[in-house]
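Reading the structure
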Amino acid sequence: MKKLLILSIASIFLSNCTTDEIMSNPAVKSESPIVVVENNSAELNNNIAAKTINASTVVTISTITRGFSSSISINNGYMTRNSSGVVQPTTVKMNTAKWITFKQKFSALNLVKVSSYEPSTCLRCSGADLAQTLEISYNGVIYTSQEFDKTNPPTALKNFVSYMNSLN
């Protein structure tokens with residue numbers, strides 16, 4: 001318990017000091033195993049998960065295979081479905097429960113990392129599965145995933161992508 005209290009106090013002290021202030025303190029020896037992380041708020045803001053959906057946010061999941069394509073786009077509580085252009089795209093207002101669930105799942109995404117998530121399988125490469133990509137337009141920036149198998153999206157996107165696919 002005493003160690004926890006000491007660590008908590010040290011954490012408070014370190015979070016309120018600059019690197020120079022910490023290192024100039026005579027109690028800190030150069031051999032001390034201290035790792036100092038500078039607080040760069042611009043970098044933190046770029047790496048955080050999306051917090052809220054605004055009116056200009058558009059989320060599209062596109063599905064492609066030989067001779068067929070479809071997409072689901074969600075913008076401001078409306079869902080647009082499009083299938084190979086054969087049938088006119090349809091836009092419907094999402095019910096409140098689906099919209100709330102969508103916003104909750106969206107807020108868990110780390111948009112900056114969306115393009116770095118590796119697909120775990122490549123069934124789409126042989127035509128054994130449909131290929132999907134996720135594209136998110138948020139605050140004027142477009143985040144696009146790598147192509148992945150519809151039945152097995154990257155782990156970090158699985159919850160969100162599965163929910164979007166269930167809306168179809």
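Residues numbered from 1 in each chain as written. Predicted model: local features only at pLDDT ≥ 70, side-chain atom pairs only at ≥ 80, totals over all residues. Heavy atoms only, no water.

When charged atoms on two side chains of opposite charge get close, those side chains can pair. Applying the stated rule across the entire model yields 2 salt bridges. Here E147 ties to R124 by a salt bridge, and the two come within 3.5 Å at their closest N and O atoms. Remark: R124 occurs in the loop between α4 (96-107) and β5 (131-138) and E147 occurs in the loop between β6 (141-144) and β7 (148-149); sequence separation between them is 23 residues. Salt bridges linked by common partners bring R124, E147 and D149 together as one network. (Salt bridge = Lys/Arg side-chain N within 4 Å of Asp/Glu carboxyl O. Helix = DSSP H or I, 4+ residues; strand = E, 2+ residues; numbered from the N terminus.)

Next up on the list: unusual backbone geometry. Phi angles above zero are rare outside glycine, and N76 is one such case at about 55°. With respect to the helices and strands, the residue N76 is situated in the loop between β2 (68-75) and β3 (78-83). Phi angles above zero are rare outside glycine, and N139 is one such case at about 50°.

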